[in-house]
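The residues making up each chain are set out below.
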Amino acid sequence: MDDLIVKIITRTIIPFIQVYGIFVIMHGHISPGGGFSGGAILGASLILYTLAYGYKDAAKKMPHKVSVMVESGAILWFMAIGLVGIIMGGNFLSNKAAGFYMGNLSMLFNAGLIPLVTLGIGIKVASTMVTLFHTIIEED
Amino acid sequence: MSILRSIIEHINYVASAILFVIGLYTVLTHSNLLKKVIGINIMETSIFLFFVSVGYVTEGRAPIVEAGSNHAIYVNPLPSALILTGIVVAVSITAYSLSLIIRLYEAYGTLDMDEIMELRSGQTNE
Amino acid sequence: MKKILAIVVLSGLLILLLSSILEMPVLGSIENPSYNETTQYYLDHAIEDTNAPNVIASIITDYRGFDTMGETVVLFTAIAAAVSVLRAFHDDSNKKKVEE
């Protein structure tokens with residue numbers, strides 16, 4: 001795990017992978033992609049860091065407690081967005097009837113709850129992949 | 001010749017059936033637990049291929065609707081949306097079975113199903 | 001012996017699958033029964049209902065949002081199961097070492 005070339009290339013390439021993952025998540029309602037694929041890309045970048053630098057360094061960057069908290073918080077965020085629909089007088093997870101901001105077509109922030117839910121799913125999938133990988137690799 | 005043409009017209013479905021049988025063969029004949037998990041993953045992949053092929057339309061475009069063009073043919077979006085659930089379940093099953101395999105390896109020191117069976121039967125007979 | 005038996009049984013299954021698959025509608029035909037009025041409704045009304053051009057995103061997060069919430073709960077359950085299998089013994093052994 002002490003290979004200089006792997007470490008430097010990993011350090012160089014991780015920001016680009018993460019920017020691409022955030023792009024796929026944020027443009028989930030305009031272009032192909034969405035929460036699941038973008039979250040998988042984000043999680044893959046963190047797994048790449050773990051593979052190059054070892055578990056101890058990665059556990060400092062992304063501690064187990066934090067990733068579990070983020071992962072549980074994403075479900076609560078999803079349910080809270082769904083409950084907004086009930087508070088505003090519609091059904092659970094209703095979009096237009098609950099009065100979310102619809103905006104113009106093909107802009108980044110339109111389509112009501114879809115970007116918010118996609119953001120939650122992306123964070124959820126990324127933290128799930130990291131938590132599973134760290135839990136399995138954590139032996140000894 | 002009609003059978004050959006029929007196979008070419010259903011080539012994706014035929015490939016998914018063959019993949020399913022390959023995965024099932026791997027699960028049935030190999031006694032290594034890790035290879036069994038790989039076989040289950042191959043079977044899941046064949047189901048994904050089957051489902052997405054059902055939604056394919058010739059010369060259809062990806063279902064990103066543009067406001068101007070009303071007459072374009074789009075691929076069926078429903079199987080693509082439904083198969084996301086299948087992918088998530090596949091990931092969950094793989095992760096859980098891998099964690100169980102780690103526990104089994106720590107308990108028995110081997111991943112071979114037959115050896116584990118022999119160890120267990122030997123313990124109960126004594 | 002076991003492998004020969006498996007090959008015979010699975011080739012029978014393959015013939016069964018292929019004989020029913022070859023009766024299905026042709027790959028890529030628009031006459032496919034799955035391309036029905038539900039799909040047509042989604043393609044026609046997705047923009048005015050949800051204002052998102054990506055029809056798949058509007059299906060999985062708006063029309064069938066409850067289904068997607070179930071998917072996230074499935075992921076959460078997978079993590080809970082894996083952590084409970086892998087971590088339970090670790091914490092006990094650490095405590096025992098500390099006590100000893």
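Attention here is on the structure that accompanies the text. Predicted model, so just to flag it, every value in this text is computed and none were measured.

## Brief notes about the packing of helix H2 (residues 35-53) of chain A against helix H5 (residues 114-137) of chain A
Residue and element names in this part refer to chain A. Relative to each other, H2 and H5 sit at 35 degrees, their axes nearing to 7 Å. Of the two possible hands of crossing, H2 and H5 adopt the one that is right-handed. Residue-level contacts link Gly35, Phe36, Gly38, Gly39, Ala40, Leu42, Gly43, Leu46, Ile47 and Thr50 of H2 to Thr118, Ile121, Gly122, Ile123, Lys124, Val125, Ala126, Met129, Val130, Phe133, His134 and Ile137 of H5. Looking at the contact of H2 with H5 residue by residue, the class counts come to 13 nonpolar, eight polar and one charged.

## Some remarks on H2 of chain A
An α-helix turns once per 3.6 residues; consequently, residues spaced three or four apart project the same way. An ideal rise of 1.5 Å per residue puts 27 Å on 19 residues; H2 of chain A measures up with 27 Å between its terminal C-alpha atoms. Among all positions in H2 of chain A, only Gly35, Phe36, Gly38, Gly39, Ile41, Leu42, Gly43, Ser45, Leu46, Tyr49 and Ala52 of chain A are buried. Those residues of H2 of chain A that are buried are in contact with helix H1 (4-26), helix H3 (55-61) and H5 of chain A together with helix H4 (77-108) of chain B. Within two residues after H2 of chain A, Gly54 of chain A carries a phi angle of roughly 90 degrees, on the positive side.

## As for the interface of chain B and chain C
If you look at the interface, chain B gives 41 residues, while chain C gives 40 residues. Elements represented by at least two residues in the side of chain B that touches chain C include exactly helix H1 (2-9), helix H2 (11-29), helix H3 (33-54) and H4 of chain B. Top contributing element to the side of chain B that touches chain C by residue count: H4 of chain B, with 15 residues. When the residues that make up the side of chain B that touches chain C are grouped by side-chain class, the tally is 26 nonpolar, twelve polar and three charged.

## A few points about the nonpolar core
Inside soluble globular proteins, nonpolar side chains tend to come together where they are buried. Grouped together as the largest cluster of nonpolar side chains are 48 residues, with contacts concentrated most on Val55 and Ile59 of chain C. Per element, the largest residue contribution to this core is ten residues, and it comes from H5 of chain A. The contacts of Ile59 of chain C, once residues within four sequence positions are left out, are Pro77, Leu78 and Ala81 of chain B together with Tyr42 and Arg64 of chain C.

Rules used throughout
- Residues numbered from 1 in each chain as written.
- Chains lettered and ligands numbered in written order.
- Predicted model: local features only at pLDDT ≥ 70, side-chain atom pairs only at ≥ 80, totals over all residues.
- Axes fitted to C-alpha atoms, helices over the stretch in contact; angles between N-to-C directions.
- Helix = DSSP H or I, 4+ residues; strand = E, 2+ residues; numbered from the N terminus.
- Left-handed = near helix turned anticlockwise from the far one by under 90°.
- Contact = placed C-beta atoms within 7 Å.
- Nonpolar A, V, L, I, M, F, W, Y, C, P; charged D, E, K, R; others polar.
- Expected span 1.5 Å × (residues − 1).
- Buried ≥ 20, exposed ≤ 12 C-beta atoms within 10 Å, placed from the backbone.
- Core = buried A, V, L, I, M, F, W, Y, C linked by C-beta atoms within 7 Å.

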